[in-house]
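An overview of the molecular structure
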Amino acid sequence: MSEITKSLNPDTKPSGFSFDNAHRNTMIEQAAMSSNAILPMATKTGTTIVGLVYKGGVVLGADTRATGGSEVAEKNCEKIHYMAPNIYCCGAGTAADTEKTTELISSQLELLRMNTGKESRVVTACTMLKRMLFRYQGHISAALVLGGCDVNGPHIYQIYPHGSTGKLPYTTMGSGSLAAMSVFETGWTEGMEEGDAVKLVQRSILAGVFNDLGSGSNCDTCVIRTDGTVQYTRGAVTPNETQPLRDAINHSDRLNMGPGTTVVLDTKFTPRKVSLEDVTVTEMET
Amino acid sequence: MDTMEGATEIPMMKSPANVMEAGPNGNNLATAASRVHPVDQLQRAEAESTGGFLDLDGVRRLYGSGLAMRLATERRMASQVGGRLPGLETPESNAMLDTLTGNDLKIDFGDFLSRNENAPDMGVSDPHAAMARKLGL
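As the structure is a computational prediction, the values presented were derived from the model and not from experiment. (Residues numbered from 1 in each chain as written. Chains lettered and ligands numbered in written order. Predicted model: local features only at pLDDT ≥ 70, side-chain atom pairs only at ≥ 80, totals over all residues. Heavy atoms only, no water.)

What to know about the pairing of strand E13 (residues 230-237) of chain A
Residues and elements named next belong to chain A. As judged from the five bridges shared by strand E12 (residues 219-225) and E13, these two strands associate in the antiparallel manner. Opposite threonine 221, over in E13, you have threonine 233 as the bridge partner. The loop that links E12 with its antiparallel partner E13 comprises four residues; one of these, glycine 228, has a positive phi angle of about 100°. (Pairing = 2+ DSSP bridges. Helix = DSSP H or I, 4+ residues; strand = E, 2+ residues; numbered from the N terminus.)

Examining the side chain of serine 204 of chain A
For serine 204 of chain A, the position within the fold is in helix H5 (residues 194-211). Excluding residues that lie within four positions of it along the chain, serine 204 of chain A makes contacts with Thr48, Val50, Ala180, Val183 and Phe184 of chain A. (Contact = heavy atoms within 4.5 Å.)

A short note on the confidence of the model for chain A
In this model, chain A carries a mean pLDDT of 88, and residues with pLDDT of at least 70 account for 91%. In the predicted structure, residues 1-10 of chain A sits below a pLDDT of 50 and forms 27 contacts with residues beyond four places in sequence or in another chain. (pLDDT = per-residue confidence, 0-100.)

Some points on the packing of aromatic side chains
Under the criterion given, the structure shown has eight aromatic pairs over all chains. Taking 4.7 Å as the distance between ring centres and 45° as the angle between the ring planes, the aromatic pair formed by phenylalanine 17 of chain A and phenylalanine 109 of chain B counts as tilted. Of the two residues, phenylalanine 17 of chain A is situated in the segment before helix H1 (22-35) and phenylalanine 109 of chain B in the loop between helix H7 (95-101) and helix H8 (127-135); the pairing between them involves two chains. Assessed through its relative accessible area of 25%, phenylalanine 17 of chain A is described here as partly exposed. One aromatic cluster in this structure is built from Phe17 and Tyr136 of chain A together with Phe109 and Phe112 of chain B. The cationic tip of lysine 167 of chain A hangs over the ring face of tyrosine 157 of chain A; the distance from NZ or CZ to the ring centre is 5.6 Å. (Phe/Tyr/Trp six-rings, centres within 6.5 Å; stacked < 30°, edge-to-face > 60°. Buried < 20%, exposed > 50% of the residue type's maximum accessible area, 1.4 Å probe, protein only. Lys NZ or Arg CZ within 6 Å of the ring centre and 35° of its normal.)

Topic: the nonpolar core
All names here are of chain A. Grouped together as the largest cluster of nonpolar side chains are 25 residues, with contacts concentrated most on Met83, Met132 and Leu146. Contributing elements (two or more residues each) for this core: strand E6 (80-84), strand E7 (87-94), helix H2 (95-116), helix H3 (122-135), strand E8 (142-150) and strand E9 (153-159). It is H3 that provides the largest number of residues to this core, a total of seven residues. The contact partners of leucine 146, leaving out residues within four places of it in the chain, are Met83, Ile87, Tyr88, Cys89, Val122, Ala125, Cys126, Leu129, His155, Ile156, Tyr157 and Ile159. (Core = buried A, V, L, I, M, F, W, Y, C linked by side-chain atoms within 4.5 Å.)

Quick notes on the sheet that holds strand E2 (residues 49-54) of chain A
Residues and elements named next belong to chain A. One open sheet accounts for five strands, arranged E11-E2-E3-E12-E13; its pairing is antiparallel. Strands with a single pairing partner mark the edges of an open sheet, and in this sheet they are strand E11 (170-173) and E13. Across the sheet, the mean angle from the axis of one strand to that of its neighbour is 15°, orientation sign disregarded. Relative to E12, strand E3 (residues 57-63) is paired through seven bridges, and the arrangement is antiparallel. If you follow glycine 57 over to E12, its bridge partner there is arginine 225. Across the sheet, helix H4 (residues 177-187) lies against E2 and E11, angled at about 160° from E11, the strand it touches most. (Axes fitted to C-alpha atoms, helices over the stretch in contact; angles between N-to-C directions.)

Considerations on the confidence of the model for chain B
Residues and elements named next belong to chain B. Mean pLDDT over chain B works out to 77, with 83% of the residues at or above the 70 mark. Confidence, read as mean pLDDT per element, is least for helix H1 (residues 2-8) in chain B (50) and greatest for helix H5 (residues 56-63) (92). This complex was scored by the predictor with a pTM of 0.77 and an ipTM of 0.70.

Thoughts on the packing of H5 of chain B against helix H6 (residues 65-80) of chain B
All names here are of chain B. Two numbers describe how H5 lies on H6: the axes approach to 7 Å, and their chain directions differ by 145°. Touching Leu56, Val59, Arg60 and Tyr63 of H5 are Ser65, Leu67, Ala68, Leu71 and Ala72, all from H6. Residues that form the contact of H5 with H6 fall into these classes: seven nonpolar, one polar and one charged. (Nonpolar A, V, L, I, M, F, W, Y, C, P; charged D, E, K, R; others polar.)

What about the packing of H2 of chain A against H3 of chain A?
All names here are of chain A. In contact at an axis separation of 10 Å, H2 and H3 are set at 130° when each is read in the N-to-C sense. Classified by the interaxial angle, the pair formed by H2 and H3 is oblique. Between H2 and H3 the crossing geometry is right-handed. Counted together, Thr101, Leu104, Ile105, Gln108, Leu109 and Leu112 of H2 and Thr124, Ala125, Met128, Leu129 and Met132 of H3 form the full contact between these two elements. Tallied by class, residues from the contact of H2 with H3 come to eight nonpolar, three polar and no charged. (Parallel < 35°, antiparallel > 145°, perpendicular 65-115°, else oblique. Left-handed = near helix turned anticlockwise from the far one by under 90°.)

Digging into the state of the cysteines
All names here are of chain A. Applying the stated criterion across every chain, the model contains zero disulfides over all chains. Here cysteine 77 is not disulfide-linked; the sulfur of cysteine 90 is the nearest cysteine sulfur, at 11 Å. Given the relative accessible area of 13%, cysteine 77 is considered buried. Of all cysteine sulfurs in the structure, the one in cysteine 90 sits closest to cysteine 89, which takes part in no disulfide; the separation is 6.6 Å. Using a relative accessible area of 0% as the deciding quantity, one classes cysteine 89 as buried. (Disulfide = S-S within 2.5 Å.)

A short note on H5 of chain A
Structural remark: α-helix, 3.6 residues per turn; residues separated by three or four positions point the same way. The terminal C-alpha atoms of H5 of chain A, which comprises 18 residues, lie 26 Å apart, in line with the 26 Å expected from a rise of 1.5 Å per residue. Three or more residues of H5 of chain A are buried, namely Ala197, Val198, Leu200, Val201, Gln202, Ser204, Ile205, Leu206, Ala207, Gly208 and Val209 of chain A. (Expected span 1.5 Å × (residues − 1).)

Considerations on the pattern of salt bridges
Residues and elements named next belong to chain A. This structure, assessed with the given rule, holds eleven salt bridges over all chains. In this structure, the salt-bridge partner of aspartate 63 is lysine 79, at a minimum N-O distance of 3.0 Å. Remark: lysine 79 occurs in the loop between strand E5 (71-74) and E6 and aspartate 63 occurs in strand E3; sequence separation between them is 16 residues. We note that aspartate 63, like lysine 79, is buried. (Salt bridge = Lys/Arg side-chain N within 4 Å of Asp/Glu carboxyl O.)

A closer look at the environment of serine 120 of chain A
All names here are of chain A. Residue position: serine 120 is located in the loop between H2 and H3. Look at serine 120 and you get buried, because its relative accessible area is 6%. For the pair formed by serine 120 and leucine 60, sequence separation is 60 residues and the distance between their alpha carbons is 18 Å. When neighbours within four sequence positions are excluded, serine 120 is seen to be in contact with Ala84, Asn86, Ile87, Leu109, Arg113 and Asp150. A polar contact of 2.8 Å, which involves the side chain of serine 120, links it to the side chain of arginine 113. (Polar contact = N/O pair within 3.5 Å; in protein donor to acceptor, adjacent residues only side chain to side chain.)

This is how it looks when you write it as C-alpha cells:
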C-alpha cells in the first residue's frame, strides 16, 4: 500500500486475498483495451450441473469440460466436490473459485462436526456458503448445486455467486442449465425410483453436453442415499471417447525408431584424466 | 473508527518511496486512488473489526456496564498476554484471544492465503520500530 496515504505497517497487513497486483491488473486491462490484445482468461467451467431428489435420496450430475476462453482447458475435470460424508456439491463458474470454496466450507463443516459431535446438515453447508459468497459480493464466481441427506431427509439447494439460495426438488445450473432443465421439466415426478432418477440425470447432462459449447465430454453422477451410502461414479456415461479417433490415425512405422535401429560399427571410450598436479594453490593476499 | 480517521487525514510522506518495491508509479496518489478493489476494502475493514462476536453496546444495555467492561478488559488482556517480542521467527500463539473471539472454531481464507509468515518480504525492518508500534508509542 502507498506509503504516502497510509502508514500500513507489515505486522498488521490482513491475511487472506492479496491485492498487491490490483493496480497492475487495471493497467493491463486498459492497455489491452487500447491495443486489442487478448487477455488471459481464468479457467471457467461453462457447465451443466444438475441435482434432483428421488424417493431414497438425491442424485447429483455434472459434465466434465473446463474451458479457458474458447479453448478446452481440461477434458475430464471433476465438478462434484466432497463436502461431508453425506453432502456433495457440484460447482459451476471459475474453476479455482468453486474448488477452493467447497474445500473451505468442507473444512468448516469438519470443525463443526468435531465441536458438536453430530452429523452435518445440508442447510448448515448452504448457510455457510451463502454467508461467504455474500461477504465477497459476487467477486467469487461460484454457482453451486448442493445436495445431501441428513436427519431431516434428502435436500437439494442451488446457490448463486452473489449469495442467494433456493431449496428445490430439482435444479440445474451453468451454461447448459436450460438444456438440462428442459429434460427435467418433462421427466421429473415426485418419488422416483433410483434407476429412473439416475437415467434422468444422465439424459439431462447429455442434453447439456450436446447442445451447449461450454459443456462437454463425460457425465459424472453421485447418488447419496438416506441410509448414508454414497455412490460417486466418475464417467458414468462417456459419449465422447477420443481413443477410437486417435487409433484411426495412421502413424508411419518409420517414425518409431527403437534402440538397435542403427547398427553400431565401433565403440571407443576415452576417460578424462584429472590429476592433482595440475592444481596450483595461490595464497590470497589481504 | 480508525479507518474513518485514516480516510480524512492529510496524506503525508512518512518515508521515501521505495521504488524497487512499488515500481516507478506505484506510490503516488493517482495509483493509490485507482487500485482500490472493493473486496480489498472489505477484507481490511473486517480484519480491524471484532467480527460481530462481541457486541459491547448490546451487552451494556442488557447486562449492565460492569459486564461490558469486564469482557472488554478480558479481551485486551488476552491480546497482551504471551509477551513475545514482535518481528521474531515464532509468532504469537494467541490461544486465549482465539478462544474469546471464537477464532479457534473457524477456518477462513485468511488462515491459509497470504499468511504473514509466508510473505516474501525481507523480515523485520527494525525491531525498535516494531516494538514501538506494538506499544502504541
